[in-house]
Amino acid sequence: MKHSFLILAWLVAFPLFSQNSDLPTDFLTKDFHKDRRDKLRAKLPQNSVAVFFANPVRNRANDVDFVYHQDPDFFYLTGYKEPDAVLFVFKEKQTANNGTQYNEILFVQPRNEAREQWTGRRLGEKGVKDLLGFEQAFNNTEFKRYDVNFSKFDKILFYDFLNDVRNDPRDSSDLFDLQAQFKAKVNYPNKNGVTLAVEPIKNNLDMAGLDAIMDELRGIKTPEELSMVRKAVQISCMGQLEVMKAMKPGMSEREIQGIHEFVFKKYQAEDLGYPSIVGAGHNGCILHYIDNYKPNISTKELILMDLGAEFHGYTADITRTIPVNGKFSPEQKLIYEIVLKAQEEAMKICKPGTTFRELTAATRVTVNKGLAELGIIKNPDEKNTYYPHGCCHHIGLDVHDKGTYDKLQENMIITIEPGIYIPEGAPCDKKWWGIAVRIEDDYLITKEGYDHLSIGAPRTVKDIEAAMKLPSALDNFILPELGKEKKN
Ligand code: GLY
Ligand code: MN
Ligand code: MN
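Below, the structure is looked at part by part. Since we're looking at a predicted model, the values are computed, not measured. (Residues numbered from 1 in each chain as written. Chains lettered and ligands numbered in written order. Predicted model: local features only at pLDDT ≥ 70, side-chain atom pairs only at ≥ 80, totals over all residues. Heavy atoms only, no water.)

Now for the sheet that holds strand 15 (residues 413-416). Here we have 3 strands laid out as an open sheet, ordered 15-18-19, and antiparallel in their pairing. What marks the edges here is a single partner per strand, and that holds for strand 15 and strand 19 (450-452). With strand direction ignored, the average angle separating the axes of adjacent strands in the sheet is 35 degrees. Summarising the sheet, strand 18 (residues 441-445) and strand 19 pair through 3 bridges and their orientation is antiparallel. Following the sheet pairing, L444 is matched in strand 19 by D451. Contacting strand 15, strand 18 and strand 19, helix 8 (residues 223-246) runs over the sheet at an angle of about 160 degrees to strand 18. (Pairing = 2+ DSSP bridges. Helix = DSSP H or I, 4+ residues; strand = E, 2+ residues; numbered from the N terminus. Axes fitted to C-alpha atoms, helices over the stretch in contact; angles between N-to-C directions. Contact = heavy atoms within 4.5 Å.)

So, in structure tokens, the structure goes:
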């Protein structure tokens with residue numbers, strides 16, 4: 001009798017825990033996140049507190065929300081991946097009414113068996129203490145009663161509330177309520193319900209200072225972060241290689257997108273770092289082309305593929321441009337070689353101390369000179385016309401990651417991504433029209449130079465053409481035309 005009661009109690013108390021054994025165990029550790037909070041605290045001014053809110057839940061349509069993605073700063077500092085949470089990191093120790101001393105506190109959404117059956121497990125305050133290592137963690141329903149005297153701080157640092165955040169009327173401590181309660185506690189100057197843009201410090205409210213602090217922190221990657229980025233990059237290189245093998249004229253842009261993304265999933269990447277860009281011919285000229293609509297890519301076209309797997313929060317950002325039929329035409333090859341040379345000129349100076357501006361200049365000079373030699377640029381006014389973007393940015397938890405944009409430093413992870421885009425109707429010989437090339441690689445900055453993380457994705461004309469001759473497991477993956485399936 002006693003025995004069966006225990007089984008029943010176990011079933012009632014842990015109906016969802018049986019699923020947990022399937023979860024990955026190689027996430028960033030709680031020590032990593034704690035160390036990041038300690039590093040943030042060290043950078044905070046005297047007598048201050050930094051406040052971070054979780055990302056809002058966004059509605060897609062009716063009763064379906066977009067897949068939730070945590071705010072990267074919040075994830076970096078906590079490891080918490082659920083919505084409706086707020087984190088306080090204090091410069092100095094605070095004393096609670098019961099005498100407890102603490103210098104950080106996290107409020108999270110409470111456990112709720114009924115909601116968890118629909119939308120997945122929640123850590124709750126206990127899970128956050130046990131798994132994420134917070135000593136001071138509470139359900140967000142307690143936030144209203146949290147009575148730190150905010151007027152005593154010289155500075156309260158937070159990001160201004162620029163996003164619209166919906167109120168869930170079923171929940172009195174969702175993000176909307178947490179932000180409203182916070183605003184009331186700190187006397188946020190938001191009269192008439194109008195959200196202010198970033199303003200200078202009002203009394204002790206500082207809505208501008210956190211950016212620079214988080215740029216300095218997140219721009220330099222730790223070894224744990226590097227291992228996550230390496231994995232995301234390796235997975236994304238595999239996607240590029242498999243597509244090179246599988247590519248055939250007549251495929252659709254979306255089908256090619258699907259092969260990349262299938263490979264990402266095969267290696268357990270949870271997400272994409274950004275919407276996949278797969279543009280054939282002229283579509284490659286649209287820098288962030290995400291329609292990926294074209295149903296039949298033609299044998300004469302190049303296809304530009306800019307995709308990044310996101311693994312445990314960290315993303316790659318890799319672009320390859322390849323000929324649909326497996327061989328670059330003379331014109332395609334000439335343009336491709338200019339872009340490749342531009343990237344290599346930047347790689348030659350890619351080391352600590354070089355500025356982002358110098359990297360960009362190295363790629364621009366090479367592209368402009370190359371296009372002038374081909375007669376595509378005819379006068380100095382046209383320079384940069386066919387290369388209208390910067391060459392380099394940090395990657396990490398964001399594809400355009402936080403970081404400082406002055407000099408390269410050891411343990412930054414950046415992209416170098418020159419491109420040339422010649423749209424239909426451009427003022428040059430028609431033979432160049434519709435050629436769009438971007439080559440984008442990911443690099444760890446080392447003491448002496450760089451480690452080329454995305455070396456696994458074929459990049460030279462010779463290596464791409466060789467990869468495209470390799471057999472693919474997808475060669476025999478032929479689906480029937482819909483409506484013409486064989487019936488048994
Ligand atoms: N995939 C976006 C970029 O290359 O910056
Ligand atoms: Mn990029
Ligand atoms: Mn990219």
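A separate point is the nonpolar core. With 101 residues, the main nonpolar core has L40, I303 and I414 as its most contacted residues. Counting residues per element, this core draws most heavily on helix 8, at 10 residues. Here I303 is in contact with M247, E253, I256, V278, G279, A280, I297, R320, T321, I322 and V324, once residues within four sequence places are set aside. Counting 25 residues, the second largest nonpolar core, distinct from the first, contains F90, F158, L175 and L205. (Core = buried A, V, L, I, M, F, W, Y, C linked by side-chain atoms within 4.5 Å. Buried < 20%, exposed > 50% of the residue type's maximum accessible area, 1.4 Å probe, protein only.)

It is worth spelling out helix 6 (residues 175-186) at this point. Here helix 6 is 12 residues long and its end C-alpha atoms lie 16 Å apart, about the 16 Å a rise of 1.5 Å per residue gives. Three or more residues of helix 6 are buried, namely L175, D177, L178, Q179, Q181, F182, K183 and V186. On its buried face, helix 6 is in contact with strand 1 (48-53), strand 4 (86-95), strand 7 (155-157) and strand 8 (205-206). (Expected span 1.5 Å × (residues − 1).)

Considering only enclosed or pocket space, the second largest pocket measures out at about 680 Å³ in volume. Among the secondary structure elements, those contributing two or more residues to the lining of the second largest pocket are strand 1, helix 3 (72-78), helix 6 and helix 7 (209-219). For the lining of the second largest pocket, the element with the most residues is strand 1, which contributes 3 residues. In the lining of the second largest pocket, the residues fall into 18 nonpolar, 4 polar and 8 charged. (1 Å grid on protein atoms, 1.4 Å probe; cavity = no way out; pocket = protein on both sides within 12 Å on 5 of 7 lines; lining within 4 Å. Points joined across faces, edges and corners; volume = space filled by probe spheres on them. Nonpolar A, V, L, I, M, F, W, Y, C, P; charged D, E, K, R; others polar.)

In the structure shown here, the tally under the stated rule is 26 aromatic pairs. Residues F107 and Y146 carry aromatic rings whose centres are separated by 5.2 Å and whose planes lie at 55 degrees to one another, so their mutual orientation is tilted. Remark: Y146 occurs in the loop between strand 6 (137-139) and strand 7 and F107 occurs in strand 5 (residues 101-108); sequence separation between them is 39 residues. In this structure, F107 and Y146 share a single accessibility class: buried. (Phe/Tyr/Trp six-rings, centres within 6.5 Å; stacked < 30°, edge-to-face > 60°.)

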